[in-house]
Amino acid sequence: MSVQKVMVIGAGQMGSGIAQVFAQSGYDVILNDLKAEFVERGLGVITKNLTRQVDKGRMTEDEKNAVLSKLTPSTTLEDAKQVDLVVEAAVENMAIKTDIFKKLDEFAPEHAILASNTSSLPITEIAAATKRPEKVIGMHFMNPVPVMKLVEIIRGLATKDEVYQTIEDITKTLQKVPVEVNDFPGFVSNRVLMPMINEAIYTLYEGVATKEAIDEVMKLGMNHPMGPLTLADFIGLDTCLYIMETLHEGFGDDKYRPCPLLRKYVKAGWLGKKTGRGFYTYEQ
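Only a predicted model underlies this, so the values are computations on that prediction, with no experimental measurement involved.

Remarks on the overall build of the chain
Okay, so step 1: In terms of regular secondary structure, the chain is built from 11 helices and eight strands.
Okay, so step 2: Relative to its length of 284 residues, the chain is compact, with a C-alpha radius of gyration of 19 Å against a globular reference of 19 Å.
Okay, so step 3: Taking the principal axes of its C-alpha atoms as reference, the chain extends roughly 55 × 45 × 30 Å.
Okay, so step 4: Expressed as a percentage of its 284 residues, the buried residues of the chain come to 49%.
Okay, so step 5: As presented, the chain carries roughly 13,800 Å² of accessible surface, and 53% of it is formed by carbon and sulfur atoms.
Okay, so step 6: Each charge class in the chain can be summarised by its mean position, and for the 32 positive and 38 negative side chains these summaries are 3 Å apart.

A few points about the environment of Phe-101
Okay, so step 1: Locating Phe-101 in the fold gives a position in helix 4 (residues 94–107).
Okay, so step 2: When the C-alpha atoms of Phe-101 and Asn-182 are compared, they prove to be 20 Å apart, with 81 residues separating the residues in sequence.
Okay, so step 3: Among residues more than four places away in sequence, those in contact with Phe-101 are Glu-88, Leu-114, Ala-115, Ser-116, Ile-126, Thr-130 and Val-136.

A look at a positive patch on the surface
Okay, so step 1: Residues Lys-48, Arg-52, Lys-56, Arg-58 and Lys-273 make up a contiguous surface patch of positive charge.
Okay, so step 2: Since its relative accessible area comes to 59%, Arg-58 is described here as exposed.

Re helix 6 (residues 161–173)
An α-helix turns once every 3.6 residues. As a result, residues three or four positions apart point the same way.
Okay, so step 1: Between its first and last C-alpha atoms helix 6 spans 19 Å; for 13 residues at 1.5 Å apiece the expected length is 18 Å, and the two agree.
Okay, so step 2: Residues of helix 6 that are buried include every one of Val-163, Tyr-164, Thr-166, Ile-167, Glu-168, Ile-170 and Thr-171, and no others.
Okay, so step 3: In this fold, the buried residues of helix 6 make contact with helix 1 (13–24), strand 4 (85–88), strand 5 (113–116), strand 6 (136–141), strand 7 (150–155) and strand 8 (177–181).
Okay, so step 4: Where helix 6 terminates, the next one or two residues include Gln-175, which has phi positive at roughly 65°.

Comments concerning the UniProt feature "domain: 3-hydroxyacyl-CoA dehydrogenase C-terminal" (unreviewed entry) in the chain
Okay, so step 1: Within the UniProt annotation, "domain: 3-hydroxyacyl-CoA dehydrogenase C-terminal" (unreviewed entry) is assigned to residues 186–282.
Okay, so step 2: A distance of 28 Å separates the end C-alpha atoms of residues 186–282, which is 62% helix and 0% strand.

Description of the layout of surface pockets
Okay, so step 1: Each pocket or cavity is described by its volume, and for the second largest pocket that value is around 160 Å³.
Okay, so step 2: Ser-120, Leu-121, Pro-122, Pro-185, Tyr-242, Glu-245, Thr-246, Glu-249 and Gly-250 together form the lining of the second largest pocket.
Okay, so step 3: A per-class count over the lining of the second largest pocket returns four nonpolar, three polar and two charged.

Here we look at the side chain of Asn-32
Okay, so step 1: Positionally, Asn-32 belongs in strand 2 (residues 28–32).
Okay, so step 2: Among the polar contacts made by the side chain of Asn-32, one reaches the side chain of Ser-74 at a distance of 3.0 Å.
Okay, so step 3: Of the polar contacts made by the side chain of Asn-32, one reaches the backbone oxygen of Thr-76; its length is 3.3 Å.
Okay, so step 4: What Asn-32 contacts, discounting residues up to four positions off in sequence, is Met-7, Val-8, Ile-9, Gly-10, Ala-11, Val-39, Ser-74, Thr-75, Thr-76 and Leu-77.

Remarks on the packing of aromatic side chains
Okay, so step 1: Evaluation of the coordinates by the stated rule reveals six aromatic pairs.
Okay, so step 2: Centre to centre, the rings of Tyr-202 and Tyr-205 are 6.3 Å apart; their planes meet at 65°, and the pair counts as edge-to-face. A residue pair is termed a helical-turn pair when its members lie 3 or 4 positions apart in one helix, as Tyr-202 and Tyr-205 do in helix 7 (residues 189–205) at three residues.
Okay, so step 3: Using a relative accessible area of 45% as the deciding quantity, one classes Tyr-205 as partly exposed.
Okay, so step 4: Between the aromatic rings of Tyr-265 and Phe-279, the centroid separation amounts to 5.0 Å while the plane-to-plane angle is 35°, which identifies the pairing as tilted. With Tyr-265 in helix 11 (residues 260–267) and Phe-279 in the segment after helix 11, the pair connects residues that are 14 residues apart, well separated along the chain.
Okay, so step 5: Judged by relative accessible area, which is 15%, Tyr-265 ranks as buried.

Comments concerning the packing of helix 2 (residues 36–55) against helix 3 (residues 61–69)
Okay, so step 1: At a minimum axis distance of 9 Å, the contact between helix 2 and helix 3 shows a crossing angle of 160°. In terms of orientation, helix 2 and helix 3 fall into the roughly antiparallel class. Crossing angle aside, the handedness with which helix 2 passes helix 3 is right-handed. Facing Ile-46, Thr-47, Leu-50, Thr-51 and Val-54 of helix 2, the residues of helix 3 in contact are Glu-61, Lys-64, Val-67 and Leu-68.
Okay, so step 2: Taken together, the residues that form the contact of helix 2 with helix 3 break down as five nonpolar, two polar and two charged.

Examining the UniProt feature "domain: 3-hydroxyacyl-CoA dehydrogenase NAD binding" (unreviewed entry) in the chain
Okay, so step 1: In the numbering adopted here, UniProt assigns the feature "domain: 3-hydroxyacyl-CoA dehydrogenase NAD binding" (unreviewed entry) to residues 5–183.
Okay, so step 2: Helix makes up 41% of residues 5–183 and strand 22%, whereas the separation of the span's terminal C-alpha atoms amounts to 27 Å.

Conventions we followed
Residues numbered from 1 in each chain as written. Predicted model: local features only at pLDDT ≥ 70, side-chain atom pairs only at ≥ 80, totals over all residues. Heavy atoms only, no water. Helix = DSSP H or I, 4+ residues; strand = E, 2+ residues; numbered from the N terminus. Rg over C-alpha atoms; globule rule 2.2 N^0.38 Å. Buried < 20%, exposed > 50% of the residue type's maximum accessible area, 1.4 Å probe, protein only. Areas by Shrake-Rupley, 256 points an atom, 1.4 Å probe, with all protein chains shown as cover. Lys, Arg positive; Asp, Glu negative; His and termini not counted. Charge placed at Lys NZ, Arg CZ, Asp CG, Glu CD. Contact = heavy atoms within 4.5 Å. Patch = residues over 30% accessible without salt bridge, like charges linked within 9 Å, V, L, I, M, F, W, Y side chains within 5 Å. Salt bridge = Lys/Arg side-chain N within 4 Å of Asp/Glu carboxyl O. Expected span 1.5 Å × (residues − 1). UniProt positions renumbered as here; feature names shortened; annotations may be inferred. 1 Å grid on protein atoms, 1.4 Å probe; cavity = no way out; pocket = protein on both sides within 12 Å on 5 of 7 lines; lining within 4 Å. Points joined across faces, edges and corners; volume = space filled by probe spheres on them. Nonpolar A, V, L, I, M, F, W, Y, C, P; charged D, E, K, R; others polar. Polar contact = N/O pair within 3.5 Å; in protein donor to acceptor, adjacent residues only side chain to side chain. Phe/Tyr/Trp six-rings, centres within 6.5 Å; stacked < 30°, edge-to-face > 60°. Axes fitted to C-alpha atoms, helices over the stretch in contact; angles between N-to-C directions. Parallel < 35°, antiparallel > 145°, perpendicular 65-115°, else oblique. Left-handed = near helix turned anticlockwise from the far one by under 90°.

Dropping the structure here:
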């Protein structure tokens, strides 16, 4: 199946990154969000990323402008009428995602594949909101999208082999590495990563060591590029909590119980880098 035009839903950190890599790979991209200001902010981030590439000599000004010309802003899901693939990168909430997929099913052409960038939610359940579950798939990019090579591709119960193959082939055209994963809570990446982050938070909560010491142990002892508490701040503590709750509910196993300190920080609005304060404080 040929995919030329792509719609990305959600112009936040993940969505704008996904839109950028598709545009850089020659696809026509519609970047959609609820409000024009959200889309403009996302396009601004893409422009800033590309300008940095020009400054570093990795891209010419003409190449940057060619990428930007591939991007079209949108604030209505009806624009899905003209696309071959939709990648949804909205907030990590099942009710919101199923509502989006119901509408996409109505607007997108019959041949269009509907993909979700969900980091933990069941693809099979998202697909059940549509009349085309065989064309629904998970396409989980890593953050920051333009830099990270991995894409977890998650089959739902009904996903057809040719749909999987199309998404695997597209992932390679984006200069990414596709890895096939089955539809379990958290897939592989977050099922392994989030309990590690949660355990680091427990270590802080129980007074085993300071936040700086915990991060230093994992950086120097385990060769991680950044410590788990710093990483949690970058991901967003609300996102970490939501994924831990998804794992806890999905498996019914208390080893996935979110640390009370994580809950407390989220209730306080200390969500990490995006709010200026999490385990560490950041300049806004």
